[in-house]
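# Structural overview
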Amino acid sequence: MLNSNLPEPELLKTVLKPLLQDFHYWFGRSLALLETEKIEFLSLEEQSDLLERVKQAKQEVSVAQIMFEATGEQVGIEMSALMPWHQLVTECWKVAMRLRLQNSNWKESENSK
């Protein structure tokens, strides 16, 4: 549990910095997946749309990281900006989990032949 007695700047460093790093990491993984795999359960338009939304969000996170660092880690980010990123990461996780499950089932059926 976080120490609520931390001064606000320390709280920002403790919470926001790793959160932005996590968003950057997961958007990077999602980009790699969407750019290299044909995801059969998504139409080409759906996959392209998801890819573009991830690219945009990754750029937004990069800008937020730069601004956070440029201000000496003294500025926060509104929840209204964070929530769409969180929702997009969750959407990407669901796609990745479904793809893993699909690939796992395919491999099992191939091995049983």
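All values derive from a computational prediction rather than experimental measurement.

Below, the discussion takes up the confidence of the model for the chain. In low-pLDDT segments, the atomic positions of the prediction should not be examined closely. Per-residue confidence for the chain gives a mean pLDDT of 88; residues scoring 70 or more make up 87%. When mean pLDDT is taken per element in the chain, helix H2 (residues 44–70) scores highest with 96 and helix H3 (residues 79–111) scores lowest with 88.

Attention now goes to the packing of aromatic side chains. Throughout the structure, instances matching the rule amount to four aromatic pairs. For the ring pair Phe 23 and Phe 27, a centre distance of 6.1 Å and an interplane angle of 15° mean the geometry is stacked. With a gap of four residues between them, Phe 23 and Phe 27 both fall in helix H1 (residues 8–36), about one helical turn apart. Across the pair, exposure class does not vary: Phe 23 and Phe 27 are buried alike. For the ring pair Tyr 25 and Trp 26, a centre distance of 4.9 Å and an interplane angle of 80° mean the geometry is edge-to-face. On the basis of relative accessible area, Tyr 25 is assigned to the partly exposed category, the value being 43%. Trp 26 gets classed as partly exposed once you look at its relative accessible area, which sits at 29%. Here the aromatic residues Phe 23, Phe 27 and Trp 85 are joined through ring pairs into a cluster of three or more.

For H2, spanning 27 residues, the distance from its first C-alpha to its last is 39 Å, which sits close to the expected 39 Å at 1.5 Å a residue. For H2, the set of buried residues is Gln 47, Leu 50, Leu 51, Val 54, Ala 57, Val 61, Ala 64, Gln 65 and Phe 68. Gly 72 sits one or two positions beyond H2 and adopts a positive phi of about 65°.

On to the environment of Arg 29. Residue placement: Arg 29 occurs in helix H1. Among the residues examined, Arg 29 registers a relative accessible area of 44% and is labelled partly exposed. When the C-alpha atoms of Arg 29 and Trp 93 are compared, they prove to be 9.9 Å apart, with 64 residues separating the residues in sequence.

For the rest of this paragraph, the subject is the packing of H1 against H2. Relative orientation of the contacting elements H1 and H2 amounts to 150°, with a least axis distance of 9 Å. By the angle between their axes, H1 is roughly antiparallel relative to H2. Considering only the axes of H1 and H2, their crossing is left-handed. Considering only residue class, the contact of H1 with H2 consists of 14 nonpolar, seven polar and five charged.

Scoring rules and cut-offs
Residues numbered from 1 in each chain as written. Predicted model: local features only at pLDDT ≥ 70, side-chain atom pairs only at ≥ 80, totals over all residues. Heavy atoms only, no water. pLDDT = per-residue confidence, 0-100. Helix = DSSP H or I, 4+ residues; strand = E, 2+ residues; numbered from the N terminus. Phe/Tyr/Trp six-rings, centres within 6.5 Å; stacked < 30°, edge-to-face > 60°. Buried < 20%, exposed > 50% of the residue type's maximum accessible area, 1.4 Å probe, protein only. Expected span 1.5 Å × (residues − 1). Axes fitted to C-alpha atoms, helices over the stretch in contact; angles between N-to-C directions. Parallel < 35°, antiparallel > 145°, perpendicular 65-115°, else oblique. Left-handed = near helix turned anticlockwise from the far one by under 90°. Nonpolar A, V, L, I, M, F, W, Y, C, P; charged D, E, K, R; others polar.

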